[in-house]
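# Survey of secondary and tertiary structure
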Amino acid sequence: MTSLWSSHAGVSYDELLEEIPRPIRAACVLHASKEPLDWFVMKVFTPICWNGKSAIEAFTLSLAEQLRFEGYPRDENVVAEGSIVRAMYFVTKGHLNMQSNSLLDRPVGLGAGSYFGERGLLGFSISAYTVRTVRACDLFSLSSEAFIKVLKQHEFSRFALDICSRSYKQIKEKHVVACSEHEMEEHWGAALLLIVQEICRHQPVTASGEESAEQVGEESIKTDCKLVSETVVSKRESSAEQEESSTGNAELPAHLEAMAKALTTPENCFQAFAPLLHIFLATDPLNWNATFSITSVTQDSNGG
């Protein structure tokens, strides 16, 4: 595989990859992006997957199938501060600087094996960073639409998104008053633990007697967190999800017992789901003003 990849130095990888059979393309991309992709999956998804190593491997392969090669010359912006986040990036060659007028005192270097752009990816948030190449770079991009597609393909990731969505809805409905990041972490941990305990008792939390937990989770994803825009989820998919939710039970992971043993306190619940929450929400989950103030909730409801 290494010789196959290196023998095409100087050739447009994107064009090359589109011409070869899909299984070979996926294997090539997985090989080329292995270091940053494995690191991303290990940090975000391994802590919330109780379906075994094979589930993580299948999920990683699905991500690789959706990656697109992008080459950048030196001194070019990949992401601009203030722009809408539409993709995240995995660095396989070159060097970049990340800087922010509001969040960073000095630029942060990014090299091969790094990834960036995941914060707020599913919420179509506004980027707080500018990422600019220092040297010519080889990157693989994962669009928000492609990411959502992968998340919906796998049981454990659909399940994790549902837990995040229902926890967000619960905190919002409690009308939590302005508080510190530490207190917000406690609120998140308590909400996540409650949802996990309800699921383990096979009594999914529902918003009303007519909606299942899975349906509530999907609605929260679409409206409250702006997880999926109308261009991402078609009417056909929405109808299929409603039919699936009519069974009255939220989807349960294959290894429910393992989840119950792992998530026993608010602290370890938040630690497990925090990386996904930062991707799931358009704003910082620990920033009350940005995520749970009346203004932010009103903007979410109005799609603003």
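Rules used in this analysis
Residues numbered from 1 in each chain as written. Predicted model: local features only at pLDDT ≥ 70, side-chain atom pairs only at ≥ 80, totals over all residues. Heavy atoms only, no water. Helix = DSSP H or I, 4+ residues; strand = E, 2+ residues; numbered from the N terminus. Buried < 20%, exposed > 50% of the residue type's maximum accessible area, 1.4 Å probe, protein only. Contact = heavy atoms within 4.5 Å. Areas by Shrake-Rupley, 256 points an atom, 1.4 Å probe, with all protein chains shown as cover. Pairing = 2+ DSSP bridges. Axes fitted to C-alpha atoms, helices over the stretch in contact; angles between N-to-C directions. Disulfide = S-S within 2.5 Å. Core = buried A, V, L, I, M, F, W, Y, C linked by side-chain atoms within 4.5 Å. Domains from an automatic or database assignment. pLDDT = per-residue confidence, 0-100. Patch = residues over 30% accessible without salt bridge, like charges linked within 9 Å, V, L, I, M, F, W, Y side chains within 5 Å. Salt bridge = Lys/Arg side-chain N within 4 Å of Asp/Glu carboxyl O. Lys, Arg positive; Asp, Glu negative; His and termini not counted. Charge placed at Lys NZ, Arg CZ, Asp CG, Glu CD.

Assigned secondary structure in the chain consists of 14 helices and eight strands. Split into buried and exposed, the 304 residues of the chain put 48% on the buried side. If you take every contact in the chain between residues at least 6 apart in sequence, the share linking residues at least 24 apart comes to 76%. Accessible surface, the chain: about 15,000 Å² in total, of which carbon and sulfur atoms supply 51%.

What the four strands build is an open sheet, ordered E2-E7-E4-E5; its pairing is antiparallel. Each end of this open sheet is capped by a strand with a single partner; those strands are strand E2 (77-79) and strand E5 (108-111). When strand polarity is set aside, the average angle formed by the axes of neighbouring strands in this sheet is 30 degrees. Pairing of strand E4 (residues 95-99) with E5 involves four bridges; the strand directions are antiparallel. By the bridge assignment, methionine 98 is partnered in E5 with valine 108.

Our next topic: the state of the cysteines. Taken as a whole and judged by the stated rule, the model has zero disulfides. Cysteine 200 takes part in no disulfide bond, and the closest cysteine sulfur to it belongs to cysteine 269, at a distance of 9.3 Å. Residue classification places cysteine 200 among the partly exposed positions, given a relative accessible area of 26%.

Okay, the nonpolar core next. In terms of nonpolar packing, the biggest core is built from 63 residues, with Phe40, Phe45, Phe147, Trp188 and Phe273 touching the most fellow members. Looking at which domains feed residues into this core, each of domain 1 (1-144) and domain 2 (154-202 + 253-292) gives three or more. One finds Val79, Ala87, Tyr89 and Phe116 within the second-largest nonpolar core, a separate group that totals 13 residues.

Another point: the confidence of the model for the chain. When pLDDT is averaged across the chain, the result is 80; 73% of the residues are at 70 or more. For the stretch residues 1-8, pLDDT sits under 50, and the model shows 14 contacts to residues farther than four places along the chain or on other chains.

Moving on, we come to a negative patch on the surface. Together, Glu183, Glu185, Glu186 and Glu267 make up a region of like negative charge exposed at the surface. In terms of residues, the negative patch owes the most to one element, helix H8 (residues 181-200), which gives three residues.

One pass over the structure, following the stated rule, counts seven salt bridges. Here arginine 22 makes a salt bridge to glutamate 65, at a shortest N to O gap of 3.5 Å. Here glutamate 65 lies in helix H5 (residues 53-66) and arginine 22 lies in helix H3 (residues 22-32), a separation of 43 residues in the sequence. Owing to a relative accessible area of 58%, arginine 22 belongs among the exposed residues under this scheme. For aspartate 38, the salt bridge identified is with lysine 34, shortest N-O distance 2.8 Å. One end of the pair is aspartate 38 and the other is lysine 34, both in helix H4 (residues 34-44) and four residues apart, which spans about a single turn. For lysine 34, a relative accessible area of 47% gives the class partly exposed.

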